[in-house]
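# Remarks on the overall topology
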Amino acid sequence: MDVLMLSRLQFAMATMFHFIFVPLTLGLSILVAIMETKYVRTGDETYKRMTKFWGKLFVINFVLGVVTGITLEFQFGTNWSRYSEYVGDIFGSLLAIEATTSFFLESTFLGAWIFGWNILSPKMHAACIWLVAIASNLSAAWILLANAFMQNPVGYVLRNGRAELDNFFHVLLNPFGWQQYVHTLSGAFTLAGFFVMGVSAYHLLKKQNIDFFTRSFKMGLVFALVFSVLVAVQGHHHAQEVGKIQPAKLAAMESLWETHENAPMYLLVVPDEKNEKNAIELFGIPGALSFLAHGSFNTPVQGLKDWPADERPPVMLTFLSFRAMVGLGTLLPILCIWAFLRRNKLTETPRLLKAMLFAIPLPYLAIEAGWVVAEVGRQPWIVYGLMKTADAVSPIVTSQVAFSLVALTLLYALLGAVDIYLLFKFAKKGPAEA
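It should be emphasised that the depicted structure is a prediction, and the values quoted were computed from it without experimental measurement.

## Quick word on the overall build of the protein
Broken down by element type, the protein carries 13 helices and 6 strands. In summary, the protein has a C-alpha radius of gyration of 23 Å against a globular reference of 22 Å for 434 residues, a match within 12%. Dimensions of the protein, computed from the C-alpha atoms along their principal axes, are close to 65 × 50 × 40 Å. Within the protein, the fraction of its 434 residues that count as buried is 51%. The contacts of the protein with a sequence gap of at least 6 include a subset with a gap of at least 24, amounting to 79%. Summed over its atoms, the accessible surface of the protein is roughly 19700 Å², and 68% of this surface lies on carbon and sulfur atoms.

## Brief notes about unusual backbone geometry
Cis geometry marks the peptide bond from Q379 to P380; its omega dihedral reads 15°. The topology assignment puts P380 in the loop between α12 (361-376) and β5 (381-383). Backbone geometry at K207 places phi at a positive 60°, although glycine is not the residue there. Summarising the element assignment, K207 is placed in the loop between α6 (175-205) and α7 (210-245). By relative accessible area, K207 is classed as exposed at 53%. Its identity is not glycine, yet S255 carries a phi of approximately 50°, on the positive side. Within the secondary structure layout, S255 lies in the loop between α8 (247-254) and β3 (265-272). Judged by its relative accessible area of 1%, S255 falls in the buried class.

## Things to note about the packing of aromatic side chains
Within this structure, the stated rule accounts for 20 aromatic pairs. Ring geometry for F17 versus F21: centroids 5.5 Å apart, planes at 65°, classification edge-to-face. Note that F17 and F21 are positioned in helix α1 (residues 3-42) at a spacing of 4 residues, about one turn of the helix. Judged by relative accessible area, which is 16%, F17 ranks as buried. Counting every residue linked through ring pairs, the aromatic cluster contains F53, W54, F195, F212 and F213.

## Section: helix α2 (residues 45-78)
With 34 residues, α2 ought to run about 50 Å at 1.5 Å a step, and its terminal C-alpha atoms sit 50 Å apart, in line with that. N-cap assignment for α2: the residue whose side-chain oxygen lies 2.9 Å from the backbone N of T46 is D44.

## Let's talk about the pairing of strand β1 (residues 156-159)
The pairing of β1 with strand β2 (residues 162-165) spans 4 bridges and is classified as antiparallel. For V157, the partnering residue across the bridge sits in β2 and is E164.

## Looking at the pattern of salt bridges
Enumeration according to the criterion identifies 8 salt bridges in this entry. Between R162 and E164 there is a salt bridge, with the nearest N and O atoms lying 3.2 Å from each other. On the accessibility criterion, E164 (12% relative accessible area) is buried. Note that E311 is salt-bridged to K388, the shortest N-O span being 3.9 Å. A residue pair is termed long-range when its members are at least 10 positions apart, and E311 in the loop between α9 (288-294) and α10 (315-341) and K388 in strand β6 (residues 387-388) qualify at 77 residues. By relative accessible area, which is 26% here, E311 ends up partly exposed. Connected through salt bridges with shared partners, the residues D44, D211 and R215 form a single ionic network.

## Section: the pairing of β3
In this sheet, strand β4 (residues 277-285) lies alongside β3 in antiparallel orientation, the contact comprising 7 bridges. When the sheet's bridge partners are listed, V270 is paired in β4 with I280. Between β3 and β4, which follow one another and run antiparallel, lie 4 residues, and E276 among them has a positive phi close to 55°.

## A look at the nonpolar core
Ranked by internal contacts, the top residues of the largest apolar core, which has 79 residues, are W54, F194, F195, F217 and M356. Residue contributions to this core peak at 14 residues, all from α1. Excluding anything up to four places from it in sequence, F194 contacts A224, L332, L335, C336, M356, A359, I360 and P363. In terms of nonpolar packing, the next biggest core, distinct from the first, is built from 25 residues, Y86, I90, F91 and W142 among them.

## Quick word on the packing of α8 against α10
Here α8 crosses α10 at 70°, and the two axes come no closer than 7 Å. In terms of orientation, α8 lies roughly perpendicular with respect to α10. Residue-level contacts link K249, A252, M253 and E254 of α8 to V315, T318, F319, F322 and R323 of α10. Looking at the contact of α8 with α10, its residues break down into 5 nonpolar, 1 polar and 3 charged.

## Focus: empty space enclosed by the protein
A probe matching the size of a water molecule, rolled over the atoms, marks out where space remains unfilled. Taken as a whole, this structure holds 1 cavity of 30 Å³ or more when the rule is applied. In this structure, the largest cavity occupies an estimated 30 Å³ of space. Around the largest cavity sit A248, K249, E311, P313, G377, R378, Q379, W381 and Y384, which together line it. Class assignment of the residues belonging to the lining of the largest cavity gives a composition of 4 nonpolar, 2 polar and 3 charged.

Definitions and limits used
- Residues numbered from 1 in each chain as written.
- Predicted model: local features only at pLDDT ≥ 70, side-chain atom pairs only at ≥ 80, totals over all residues.
- Heavy atoms only, no water.
- Helix = DSSP H or I, 4+ residues; strand = E, 2+ residues; numbered from the N terminus.
- Rg over C-alpha atoms; globule rule 2.2 N^0.38 Å.
- Buried < 20%, exposed > 50% of the residue type's maximum accessible area, 1.4 Å probe, protein only.
- Contact = heavy atoms within 4.5 Å.
- Areas by Shrake-Rupley, 256 points an atom, 1.4 Å probe, with all protein chains shown as cover.
- Phe/Tyr/Trp six-rings, centres within 6.5 Å; stacked < 30°, edge-to-face > 60°.
- Expected span 1.5 Å × (residues − 1).
- Polar contact = N/O pair within 3.5 Å; in protein donor to acceptor, adjacent residues only side chain to side chain.
- Pairing = 2+ DSSP bridges.
- Salt bridge = Lys/Arg side-chain N within 4 Å of Asp/Glu carboxyl O.
- Core = buried A, V, L, I, M, F, W, Y, C linked by side-chain atoms within 4.5 Å.
- Axes fitted to C-alpha atoms, helices over the stretch in contact; angles between N-to-C directions.
- Parallel < 35°, antiparallel > 145°, perpendicular 65-115°, else oblique.
- Nonpolar A, V, L, I, M, F, W, Y, C, P; charged D, E, K, R; others polar.
- 1 Å grid on protein atoms, 1.4 Å probe; cavity = no way out; pocket = protein on both sides within 12 Å on 5 of 7 lines; lining within 4 Å.
- Points joined across faces, edges and corners; volume = space filled by probe spheres on them.

Remember, this is a structural readout, not a statement about activity or role.
Given below as structure tokens:
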């Protein structure tokens, strides 16, 4: 493999591994803040125990997420220096703002929260975790706005062979970025809800701390139910935005090869990328794709053949990832509805509890599949319509990338094992005694 492919593999591995930690940090920070707020308002010691138990799991996840995120950002200089040189004026400014505001804010107040239990007043201590939660979710906004420039470049001017910042407010208000932000946060909050329900289900199956984990389960349920529905609804609007800005990605998501008015959607499709067609197309719904993509049954939807072969996304991977995301995104609210109907009889519904325990990985898989669609579906562009990925790689030798790929893979495997071990250990141990 050449430098380009190795660099892409390394960045994909690092990004997807890092994003295992991010959504749980975003969602669980809010849930822990809500728990501590309930404790401050009611004085109920159970909510304090809940805050400490779920807060410990949050801290474990947060720390390992920070480590993987730091190594990820270095790759913009080591593996993608030409990209950094080309758009660093825009992309770098957003990352700098994220680091100097959001990251430092959440790190500082997380330290105060961890060590301030017996020092700060209850209200001040609760304020610390709220600042951590707000900063974490604000950090996601800056990162996603940086990514949105890659998806939908705005607010720039081409000067001296570079894309230079021309209008910061256009970058800040990039509609594609805020669509991504709502979609990503909804998915993260859904994941956090399922994580809380899954761990709670384990203890309820064991008949341990019934009141504690029933309350936890119900809080996670409300979170997951609301945001699993929201992510599905908002995902439809986000797909329409993709259809306007990145029509080739939409065509790859649906494996649509020919441009059609009244474009159908097939429930069973097997892409044949080599022959530029679908080997199987069954159960078509006339006009459904046109309606879903553009709100009209007669609006044309462009097919992949409208673009040269070297400007099309990888179809099979984009198509399968999109199907996986949609399928899991449909299953998650169904599980939430089942749990909501049985919320007052949890210990009497062991099948539900087992389902929720084994469902913990499903939101992770859905979110990772969504990012595969977003990033692979943008190819061959690293900045859509401006710079191709092949032109962004650093002028380094293959052996250097191969060595760092192996080293980072081993490091991340170790960190992943540590994270799973610690989360499993403390989740299984349960809360401290009252």
